[in-house]
Amino acid sequence: MNPREVVVYDRMQSGYRYLCTEPEGENFHPEFRPELTPLQMLEMGVFGGKYLTDCRDEFPAAWFRRAKLSAEKRDQRLNFFGVQASKPLSYWIEKGWIWPSDPRGWFQWYCRYYLGRRSVDDARQIRRWKAMTRHIAQVRKNCIRGDLLCRPRQRQALLHWAYDSREF
């Protein structure tokens, strides 16, 4: 595959460039096995519909055809589980979890990784993704299999990290 350069111009980045060196959706790190693609996540409803709304040109149009998005402000009713399960970006910045290459956070990193970008931040982001398994353990321990009304905030948070809690 020939590397493909992407140049980003949106509200948070102007002229940021990256290379996609892997085929879309392929050749992931062996320890990184997300259960959902960015397209599936956007269609299900994540981040109150207020994510990637100003940077659609960077990503495949198909990701947005049936995405649950809000032009105005975050709307928890657009989330798959209908609850708010996100901290504001300022919280993530304060914790030091936001890096300049992906100023919107983990999901932006994942979208770009899915498209084929590989970066020096991959190992850190994959560790963060793996850390979410503690929430899977709590859902499994406290909920009857298939009861999607049990622990909706944890389930929505898992969805934000590409885990599909409908399966447990």
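Residues numbered from 1 in each chain as written. Predicted model: local features only at pLDDT ≥ 70, side-chain atom pairs only at ≥ 80, totals over all residues. Heavy atoms only, no water.

*Asks:* I keep staring at the packing of helix α3 (residues 106–115) against helix α4 (residues 122–131) and nothing clicks. Help me out?
*Replies:* Each packed pair of helices is defined by two parameters, the angle between the axes and the distance between the axes. Two elements in contact, α3 and α4, have axes whose closest approach is 11 Å; the angle formed by their N-to-C orientations is 120°. Considering only the axes of α3 and α4, their crossing is left-handed. Mapping the contact onto sequence places Trp106, Trp109 and Tyr113 in α3 and Asp122, Gln125, Ile126, Arg128 and Trp129 in α4. Split by residue class, the contact of α3 with α4 holds five nonpolar, one polar and two charged. (Axes fitted to C-alpha atoms, helices over the stretch in contact; angles between N-to-C directions. Helix = DSSP H or I, 4+ residues; strand = E, 2+ residues; numbered from the N terminus. Left-handed = near helix turned anticlockwise from the far one by under 90°. Contact = heavy atoms within 4.5 Å. Nonpolar A, V, L, I, M, F, W, Y, C, P; charged D, E, K, R; others polar.)

*Asks:* What is the right way to look at helix α6 (residues 152–160) in this model?
*Replies:* With seven of its nine residues buried, α6 lies for the most part within the structure. Turning to α6, the residues buried within the fold contact α1 (38–44), α3 and α5 (133–142). Looking one or two places after α6, you find Ala162, whose phi comes out positive at around 70°. (Buried < 20%, exposed > 50% of the residue type's maximum accessible area, 1.4 Å probe, protein only.)

*Asks:* Which parts of the structure should I look at to understand the state of the cysteines?
*Replies:* What is meant by a disulfide is a covalent connection between two cysteines, made through their sulfur atoms. Here the structure, examined in full by the defined rule, presents one disulfide. Note that Cys143 is cross-linked by a disulfide to Cys150, the S-S spacing being 2.0 Å. Because the sign of the S-S torsion sets the handedness, a value of about -75° for the bond joining Cys143 and Cys150 places this disulfide among the left-handed ones. Summarising the burial analysis for this pair, Cys143 and Cys150 share the class buried. The cysteine Cys20 is free of any disulfide, with Cys111 supplying the nearest cysteine sulfur at 12 Å. (Disulfide = S-S within 2.5 Å.)

*Asks:* What should I look at first to understand the layout of surface pockets in this one?
*Replies:* If you roll a probe as big as a water molecule over the atoms, it shows you where there is empty space left. Taken as a whole, the largest pocket holds about 980 Å³ of empty space. Around the largest pocket, the lining comprises 33 residues; the ones closest to its centre are Phe47, Ser86, Lys87, Pro88 and Trp92. Looking at the lining of the largest pocket, the elements that each hand over two or more residues are α2 (89–94), α3, α4, α5 and α6. Here the residues of the lining of the largest pocket sort into 17 nonpolar, seven polar and nine charged. (1 Å grid on protein atoms, 1.4 Å probe; cavity = no way out; pocket = protein on both sides within 12 Å on 5 of 7 lines; lining within 4 Å. Points joined across faces, edges and corners; volume = space filled by probe spheres on them.)

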